[in-house]
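# Examination of the molecular architecture
Listed here are the chains, written in short residue letters.
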Amino acid sequence: MPIKNNKDLFMSFVLNSADQKTEQLKGQTDEYIEQTLRKSEREERRKAVEALSRIKQEIMLEISATASKTREEYRKSVLLEREKLLDEIKSGVLKKIDGFKKTDDYIAFLKTSAAAFSGKKGTLCLSPEDSDKTALFEKDFDHIKIDKTIKYGGLRFESEKCFYDDTLDSRLSAALDDFRNRHKELCL
C-alpha cells in the first residue's frame, strides 16, 4: 500500500499542480482579455472621436460654404437693387433736366457759367441740343464748337491753360458718385 499511497499522493500533487496552473492560466487569460478589451475600447473611442471630428469639420466647411454663398447672393441682390434705384433716380433727374432746359433759368445758367471765361482765348463747347444757342456767346468767344460728348447740356471751356467743365453731365455724374459714397451700405 505504500506504493499506492505514493501514487495517489503523486496523482494528487500532479492534479493540484494542474489545478493551480489552470487557475493561473485562467487568471492570466482573464487579465489578457480584460486588457485587450480596454485597449479595444480605447481604440474604438479614439476612432469615434476622430470620426466625429471629421464629421464636425465637414459640417463646418459646408456651413461656411453655404454662408459664403448666401452672403454673395445677398450682395448681388443689394447691388442690383442699388443700381435699379440709381437708374430710377437718374431717370427722374433727366426728366427734371429736360424741363429745366426749356426755361429761361437754363439760359441764365449757361450765361453765368460762360461769363467766367468771357473774352479769354479758347473754345466754348456746347451740346448738340444747344447748337441753337451759339448766338448768345458769339460776341464773347472766338471759337464755339458743338461737342457730341456733352449729352445733357451745360458747357465746357477749353484753352491751352484751362479746362473747365460745367456740363449737366458732369454734375449728374458727381451727384450719382456722391450717392454711392453716402450709401456705402448698399455697396457692401
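In what follows, the accompanying structure is described.

Definitions and limits used
- Residues numbered from 1 in each chain as written.
- Predicted model: local features only at pLDDT ≥ 70, side-chain atom pairs only at ≥ 80, totals over all residues.
- Heavy atoms only, no water.
- Helix = DSSP H or I, 4+ residues; strand = E, 2+ residues; numbered from the N terminus.
- Rg over C-alpha atoms; globule rule 2.2 N^0.38 Å.
- Buried < 20%, exposed > 50% of the residue type's maximum accessible area, 1.4 Å probe, protein only.
- Contact = heavy atoms within 4.5 Å.
- Areas by Shrake-Rupley, 256 points an atom, 1.4 Å probe, with all protein chains shown as cover.
- Core = buried A, V, L, I, M, F, W, Y, C linked by side-chain atoms within 4.5 Å.
- Expected span 1.5 Å × (residues − 1).
- Arc of directions from axis to C-beta.
- Polar contact = N/O pair within 3.5 Å; in protein donor to acceptor, adjacent residues only side chain to side chain.
- Pairing = 2+ DSSP bridges.
- Axes fitted to C-alpha atoms, helices over the stretch in contact; angles between N-to-C directions.

To continue, consider the overall build of the protein chain. Looking only at helices and strands, one finds 3 helices and 4 strands in the protein chain. On C-alpha atoms alone, the protein chain measures out to a radius of gyration of 48 Å, which is more than a quarter above the 16 Å that the 2.2 N^0.38 rule sets for 188 residues. Overall, the protein chain is about 160 × 35 × 20 Å in size when its C-alpha atoms are taken along their principal axes. The buried share of the protein chain, taken over its 188 residues, is 20%. Put simply, 53% of the contacts in the protein chain that link residues at least 6 apart link residues at least 24 apart. Accessible surface, the protein chain as shown: approximately 14,600 Å² in total, 56% of it carbon and sulfur.

Moving on, we come to the nonpolar core. Core analysis: the biggest nonpolar cluster contains 18 residues, and Leu110, Ala114, Leu124, Phe137, Phe141, Leu155 and Leu168 have the highest contact counts within it. Of all elements in the fold, only helix 1 (2-101), helix 2 (104-115), strand 1 (123-126), strand 3 (154-158) and helix 3 (168-182) reach the threshold of two or more residues within this core. Ignoring sequence-local partners within four residues, the contact set of leucine 124 consists of Ala114, Phe137, Phe141, His143, Ile144, Lys145, Leu155, Arg156 and Phe157.

Turning next to helix 2. Under the 1.5 Å per step criterion, the end-to-end length of helix 2 is 16 Å for 12 residues, consistent within 8% with the ideal 16 Å. For helix 2, the set of buried residues is Tyr106, Phe109, Leu110, Ser113 and Ala114. One side of helix 2 holds all its buried residues, which, seen down the axis, span an arc of 120°. Turned more than 90 degrees away from the buried face of helix 2, the exposed residues are Asp104, Asp105 and Thr112. For helix 2, the N-terminal capping position is held by threonine 103, with its side-chain oxygen 3.3 Å away from the main-chain nitrogen of aspartate 105.

It is worth spelling out the sheet that holds strand 3 at this point. Taken in spatial order, the 4 strands make up an open sheet running 2-1-3-4, and their pairing is mixed. On the outer flanks of this sheet lie strand 2 (143-146) and strand 4 (163-167), each paired with one strand and no other. Neighbour-to-neighbour, the strand axes of the sheet open up by a mean angle of 20°, direction not taken into account. Sheet topology places strand 1 next to strand 3; 4 bridges connect them, and they run antiparallel. The residue bridging leucine 124 from the neighbouring strand is phenylalanine 157, located in strand 3. Running over the sheet, helix 3 touches strand 3 and strand 4 and is turned about 75° from strand 4.

Turning to the side chain of lysine 101, a few remarks are in order. Checked against the element boundaries, lysine 101 lands in helix 1. Looking at lysine 101, the relative accessible area reads 12%, which means it is buried. Here tyrosine 152 takes part through its backbone oxygen, which lies 2.9 Å from a polar atom of the side chain of lysine 101.

Attention shifts here to the side chain of threonine 167. Residue position: threonine 167 is located in strand 4. On the basis of relative accessible area, threonine 167 is assigned to the buried category, the value being 0%. The residues contacting threonine 167, other than those within four sequence positions of it, are Ile150, Gly153, Gly154, Leu155 and Arg156.

Quick look at the environment of phenylalanine 137 now. Summarising the element assignment, phenylalanine 137 is placed in the loop between strand 1 and strand 2. Placed 19 residues apart in sequence, phenylalanine 137 and serine 118 show a C-alpha to C-alpha distance of 8.6 Å. Phenylalanine 137 has contacts with Leu110, Lys111, Ala114, Leu124, Leu126 and Ile144, leaving out every residue within four places of it along the chain.

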